[in-house]
Amino acid sequence: MATKTFPIEAGHIMMFARSIGDPNPVYYDAEAAKKTEAGGVIAPPTFVQASAQFDPDYGLRPKIGQPWFGSGKNPTGVQRTGGGGGGGGGGLHAEQHYEYHRPLRAGDVLTATTTPGKTWEKQGRRGGTLLFSESVTEYRNQNGELVVTARSVGVRPSKPVEQQPKKEENA
Amino acid sequence: MALSANELKPGHTHTARIVEDLKRTQIVQYAGASGDYNPLHTDEIFTTKVAGYPSVFAHGMLTMGMTGRMLTDWVGDTRLTKYGVRFTSQVFPGDTLDATATVKNIVERDGQKLVELDVKTVNQDGVEVLSGYAEARVD
């Protein structure tokens, strides 16, 4: 079980909404948002995924002074030793589920508590053996109220996912 | 602007084009905002030469986020109670995606009317890239 603090900042919500192509003023315009049912700036439904920014141990962010596996002088900055945090591009996101208990507002400070779920194996249609693993994160606000429950399923294929024929021209 | 239970029937659909010709830069934007800097999404050299994919591809969560816009534009702000998806195919730069919500049922729980929706997003070839469900409070 891991617990992290996640401050919900208005500028962060604005950038996140832009990145998903959502121009809804309720995500960036405090005055306009006041007049809506939300009553103020809220975060989009998938925003809690950005809690990764506040996770000091998050594996998919370059860290100062540490090797990074993306390209630089060479196609990869580190040679893979296998396993760990999606490093080397092995892990993919298979499923994501949210339950919303109350609106997530700019100014809230969430505490995220993650518990590992089950793991299972499956023969993939296109990717050899697939190893699935699940985690459940509860996000509570500064008043201890449950805001969002997130269940995430990751998959680690034994080889890169093969492309459907039509997609090959799309590279 | 919320939906009214009286006006919803099972089988009703709502569709929106959530992205046209997805740009690599938008994927970079999402990496920066979400904090997921996996090079598979932004680093063409790593992705093609080391990971063995034909090109960088979008975060599944970018597709879920864009599909979420279709939902919140339709059901209204703060109305979603559940939203869950499976990522069924990869989304690549250049893809154009259409997201559809289909009314499955209208239910009542603790005196609150809710609409249950099937959610699906397809690319320009008709390939399903995301499949899931949502539930929202309605008036």
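What counts, and where the lines are drawn
Residues numbered from 1 in each chain as written. Chains lettered and ligands numbered in written order. Predicted model: local features only at pLDDT ≥ 70, side-chain atom pairs only at ≥ 80, totals over all residues. Heavy atoms only, no water. Helix = DSSP H or I, 4+ residues; strand = E, 2+ residues; numbered from the N terminus. Contact = heavy atoms within 4.5 Å. Areas by Shrake-Rupley, 256 points an atom, 1.4 Å probe, with all protein chains shown as cover. Pairing = 2+ DSSP bridges. Buried < 20%, exposed > 50% of the residue type's maximum accessible area, 1.4 Å probe, protein only. Axes fitted to C-alpha atoms, helices over the stretch in contact; angles between N-to-C directions. Parallel < 35°, antiparallel > 145°, perpendicular 65-115°, else oblique. Left-handed = near helix turned anticlockwise from the far one by under 90°. pLDDT = per-residue confidence, 0-100. Arc of directions from axis to C-beta. Buried area = accessible area lost by both parts, 1.4 Å probe. Salt bridge = Lys/Arg side-chain N within 4 Å of Asp/Glu carboxyl O. Nonpolar A, V, L, I, M, F, W, Y, C, P; charged D, E, K, R; others polar.

(A) Region of interest: the overall build of chain A. Scanning chain A for helices and strands turns up two helices and five strands. Tracing chain A from N to C terminus, the helices and strands come up as β-α-α-β-β-β-β. A fraction of 60% describes how many contacts in chain A between residues 6 or more apart in sequence connect residues 24 or more apart. Carbon and sulfur atoms make up 52% of the accessible area of chain A, which totals about 9,100 Å².

(B) Main features of the pairing of strand β3 (residues 97–109) of chain B. Residue and element names in this part refer to chain B. Alignment of strand β1 (residues 13–19) against β3, held across six bridges, turns out to be antiparallel. Residue pairing for β3: Thr 15 is matched across the bridge by Thr 100. Two strands pair when backbone bridges link them, and β3 and strand β4 (residues 112–122) are joined in this way by 11 bridges, in the antiparallel orientation. Its bridge partner lying in β4, Val 107 is registered against Leu 114. Taken together, β3 and the strand that follows it, β4, pair antiparallel across an intervening segment of two residues, in which Asp 110 is found at a positive phi of about 50°.

(C) Main features of the side chain of B:Thr63. Along the chain, the position of B:Thr63 falls in helix α3 (residues 60–75). We classify B:Thr63 as buried; its relative accessible area is 3%.

(D) Representation of the packing of helix α1 (residues 10–19) of chain A against helix α1 (residues 24–34) of chain B in the model. The contact between α1(A) and α1(B) brings their axes to 8 Å, and the two run at 150°. As the angle between them shows, α1(A) and α1(B) are arranged roughly antiparallel. Note that α1(A) runs across α1(B); the crossing there is left-handed. Two secondary-structure elements touch here, α1(A) through A:His12, A:Met15, A:Phe16, A:Arg18 and A:Ser19 and α1(B) through B:Gln26, B:Gln29, B:Tyr30, B:Ala33 and B:Ser34.

(E) Spatial organisation of the confidence of the model for chain A. Residues and elements named next belong to chain A. The share of residues in chain A with pLDDT of 70 or more is 85%, and the mean pLDDT across the chain is 88. When pLDDT is averaged over each helix and strand of chain A, the minimum, 86, is found for strand β1 (residues 2–7) and the maximum, 98, for α1. The model gives residues 82–89 a pLDDT under 50, and that stretch makes 18 contacts with residues more than four places away or in other chains. In this model, residues 167–171 is a region of pLDDT below 50 whose contacts with residues beyond four sequence positions or in other chains number 11 contacts.

(F) Broad picture of helix α2 (residues 44–51) of chain B. Within α2(B), the full set of buried residues consists of B:Phe46, B:Thr47 and B:Ala51. Seen along its axis, α2(B) keeps its buried residues to an arc of 95°; they face one direction.

(G) Highlighting unusual backbone geometry. Residues and elements named next belong to chain B. Its identity is not glycine, yet Asp 21 carries a phi of approximately 50°, on the positive side. Tracing the backbone through its elements, the reader meets Asp 21 in the loop between β1 and α1. Overall, the relative accessible area of 36% leaves Asp 21 in the partly exposed class. The residue Asp 110 is not glycine, and still its phi comes out positive at about 50°. Along the chain, Asp 110 falls in the loop between β3 and β4. Since its relative accessible area comes to 79%, Asp 110 is described here as exposed.

(H) Local environment of the interface of chain A and chain B. Listed per partner, the contact involves 56 residues of chain A and 53 residues of chain B. Buried surface at the junction of chain A and chain B, summed over both partners, amounts to about 4,400 Å²; 56% is from carbon and sulfur atoms. Scanning the region where chain A abuts chain B turns up one salt bridge. Breaking the side of chain A that touches chain B down by element, the ones donating at least two residues are α1 and β2 (92–100) of chain A. Residues that form the side of chain A that touches chain B fall into these classes: 25 nonpolar, 21 polar and 10 charged.

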